[in-house]
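Examination of the molecular architecture
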Amino acid sequence: MLIQKEAYHKIKRELDAAKVDLVAVSKTKPNEDILALYALGQRLFGENYVQELVDKEASLPKDIQWHFIGHLQSNKVKYIAPFVHLIHGVDGEKLLKEINKQAIKCNRVISCLLQVHIAKEETKFGFDATELIDLVDSGQLANYSNVVVKGLMGMASFTEDQVILKNEFEALATTFNQVKNKLNNVHFDTLSMGMSSDYALAIKEGSTMVRIGSLLFGARNLVL
Ligand SMILES: *Cc1c(COP(=O)(O)O)cnc(C)c1O
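Read on for a plain summary of the structure.

About the criteria used
Numbering of residues starts from 1 in each chain and follows the order in which that chain's sequence is written. Side-chain atom pairs in this predicted model are given and counted only at pLDDT of 80 or more, local residue features only at pLDDT of at least 70, and totals for whole chains, interfaces and linings cover all residues. Note that the side-chain values use all heavy atoms of the structure and ignore hydrogens as well as water. Classification of residues uses two cut-offs on accessible area relative to the type maximum, computed with a 1.4 Å probe and protein chains only: under 20% is buried, over 50% is exposed, and between them is partly exposed. Numbering of helices and strands starts at the N terminus; helices are DSSP runs of H or I of at least 4 residues and strands are runs of E of at least 2. In this description, one arc is meant: the one made by directions from the helix axis to the C-beta atoms. Residue contacts are defined here by distance: any two heavy atoms, one from each residue, within 4.5 Å place the two residues in contact. Salt bridge, as used here: a side-chain nitrogen of Lys or Arg that lies within 4 Å of a carboxyl oxygen of Asp or Glu.

1. Notes on helix H6 (residues 129-138)
- Leu132, Ile133, Leu135 and Val136 are the residues of H6 that are buried. An end-on view of H6 places all buried positions within 160 degrees of arc, on one side of the element. Pointing more than 90 degrees away from the buried face of H6 are the exposed residues Thr130 and Asp134.
- On its buried face, H6 sits against helix H5 (93-105), strand S5 (110-116), strand S6 (147-154) and helix H7 (162-183).
- The first or second residue beyond H6 is Gly139, which carries a positive phi of 80 degrees.

2. Remarks on the pattern of salt bridges
- Here the structure, examined in full by the defined rule, presents eleven salt bridges.
- Put simply, Lys150 and Asp189 hold a salt bridge, and the shortest N to O gap is 3.6 Å. Taken as a pair, Lys150 in strand S6 and Asp189 in the loop between H7 and strand S7 (190-192) lie far apart in primary sequence, 39 residues in all.
- Judged by relative accessible area, which is 36%, Asp189 ranks as partly exposed.
- Here the salt bridges do not stand alone but share partners, grouping Glu47, Glu52 and Lys56 into one network.

Laid out in structure tokens, this is it:
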């Protein structure tokens, strides 16, 4: 259990220069690793699994901003609604509705990113770009009183092909700018794209928030 301190400082310098936020993806990693990164100043952490996030939130410092970056099932929203800082992967209206309902119950406003399907793979969740534009045009988003849509999130294909990655990031950035222009809302300012292997390219294409796990914490050998 050893965090990659040098890598953290290097990445942090690059991101600060580009004004890009860093979400340290700590899924499957123990609390001591999170605390080690916390001690270096990191406050934004990302988790994929509801139960793991709930357990970590309960035992770690209260000034950590917890980002939920995995696939969220509607019936589990209630567990994270009291504290979650940003939900990245909102992939449908059913989920949006449930987040709003739970946010009202907690008397909170919950920030969300809408996930856009940009990869070739069938397995990645999210709205299609056209579906998303339709949703924005419908004006429905205004009905969710306790949800703030802060921006978009996407996951590129699992490939090292830089051309494919660039095209996918570019497409997402285009959709982001379209939605931003339509909403004309100061809160809509976050484009979450880029992970350990592709964050530099994602930033070039307009990312404002990257989600980095293995470069900071080492490889994940435990798959939940
Ligand atoms: C695990 C995960 C990451 C981090 O992946 P790394 O390759 O370890 O940086 C980023 N985003 C999502 C949605 C993830 O599930």
